[in-house]
Amino acid sequence: RVGNMYNVNLVGYIVAIIARIGVIVAGYMANVPLMLVFTAIAALSIAPLQGTLTALIAEASEHTFLKSGKRIDGLMFSCTSLGTKLGGGLGTAMTGWLLDASGYISSTTGGGETVAQPDSVIAMLHVTYLWLPAIACVIIGFLAFKLDVEKQNDILRATLETPKEGAVPAK
């Protein structure tokens, strides 16, 4: 309905950024149901990029082919897969590291009692749940805005199909 992958991803991330701002506001209001609603909206809004990622990789590979004449599809998909796995692992580990650095108290004493966390842990939870996802949405939204590989490929194809000045047409 919005025309192409570029527009789908851009609109999705604009909505996601607005929803993430809603999560931040609801978080500081301590309104958990509203936070969950905005989180769901943000998650649904970034889904188009997840769906079009493979097509975007193929378009980027096509761009390389149009510019250099070399196919690197396998390399592009392998690097993307590696980056996704490393990013997921590092992101998960970073959450633990940040909570540990903020003084998180584990309640694994076996007694089942509730442990009050220091204010530094609560502040870190705000950073990791409210601010970091919003910052990531803004960064990815900016990159999605700059990534119009479909348009660039169309321009390259048109340039390659246009006969050069003084060239004799093939018979």
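The following refers to the structure shown. Keep in mind the model is a prediction, meaning the values are calculated, not measured. (Residues numbered from 1 in each chain as written. Predicted model: local features only at pLDDT ≥ 70, side-chain atom pairs only at ≥ 80, totals over all residues. Heavy atoms only, no water.)

**Some thoughts on the overall build of the chain**
Within the chain, the regular secondary structure consists of five helices and zero strands. Scanning the chain from its N terminus toward the C terminus, one meets helices and strands in the order α-α-α-α-α. For the chain, the C-alpha radius of gyration of 23 Å lies well beyond 16 Å, the compact-globule estimate for 171 residues. For the C-alpha atoms alone, the extent of the chain along its principal axes is close to 85 × 30 × 20 Å. Across the 171 residues in the chain, those meeting the buried criterion constitute 24%. Put simply, 64% of the contacts in the chain that link residues at least 6 apart link residues at least 24 apart. Looking at the chain as shown, the accessible area adds up to about 11400 Å², and 69% of this sits on carbon and sulfur atoms. One way to put it: in the chain the 11 positive side-chain charges average out to a point 11 Å from where the 11 negative ones average out. (Helix = DSSP H or I, 4+ residues; strand = E, 2+ residues; numbered from the N terminus. Rg over C-alpha atoms; globule rule 2.2 N^0.38 Å. Buried < 20%, exposed > 50% of the residue type's maximum accessible area, 1.4 Å probe, protein only. Contact = heavy atoms within 4.5 Å. Areas by Shrake-Rupley, 256 points an atom, 1.4 Å probe, with all protein chains shown as cover. Lys, Arg positive; Asp, Glu negative; His and termini not counted. Charge placed at Lys NZ, Arg CZ, Asp CG, Glu CD.)

**Focus: the packing of aromatic side chains**
Across all of its chains, the model carries zero aromatic pairs by this definition. Just above the ring of Phe65 sits the side chain of Arg71; from NZ or CZ to the centre is 4.0 Å. (Phe/Tyr/Trp six-rings, centres within 6.5 Å; stacked < 30°, edge-to-face > 60°. Lys NZ or Arg CZ within 6 Å of the ring centre and 35° of its normal.)

**Description of unusual backbone geometry**
Unlike most non-glycine residues, Ala30 shows phi in positive territory, near 60 degrees. Structurally, the position occupied by Ala30 is in the loop between helix H1 (5–28) and helix H2 (32–68).

**Let's talk about the nonpolar core**
Grouped burial of nonpolar side chains is what soluble globular proteins tend to show. With seven residues, the main nonpolar core is built from Met5, Tyr13, Ala16, Leu49, Leu56, Cys137 and Val149. Those elements giving two or more residues to this core turn out to be H1 and H2. Considering each element in turn, this core owes the most residues, three residues, to H1. Apart from residues no more than four positions distant in its own chain, Leu49 is found in contact with Asn9, Tyr13, Leu56 and Ile140. In this structure, Val23, Ile24, Ala26 and Leu130 belong to the second largest nonpolar core, which totals six residues. (Core = buried A, V, L, I, M, F, W, Y, C linked by side-chain atoms within 4.5 Å.)

**Some details on the layout of surface pockets**
One way to see where empty space is left: roll a probe the size of a water molecule over the atoms. Reported here for the largest pocket is a volume of approximately 390 Å³. Around the largest pocket, the lining comprises 21 residues; the ones closest to its centre are Tyr13, Leu49, Ile140, Leu143 and Ala144. At eight residues, H2 tops the list of elements feeding residues into the lining of the largest pocket. Residues that form the lining of the largest pocket fall into these classes: 18 nonpolar, two polar and one charged. (1 Å grid on protein atoms, 1.4 Å probe; cavity = no way out; pocket = protein on both sides within 12 Å on 5 of 7 lines; lining within 4 Å. Points joined across faces, edges and corners; volume = space filled by probe spheres on them. Nonpolar A, V, L, I, M, F, W, Y, C, P; charged D, E, K, R; others polar.)

Such coordinate-based values are descriptive only and should not be taken to indicate function.
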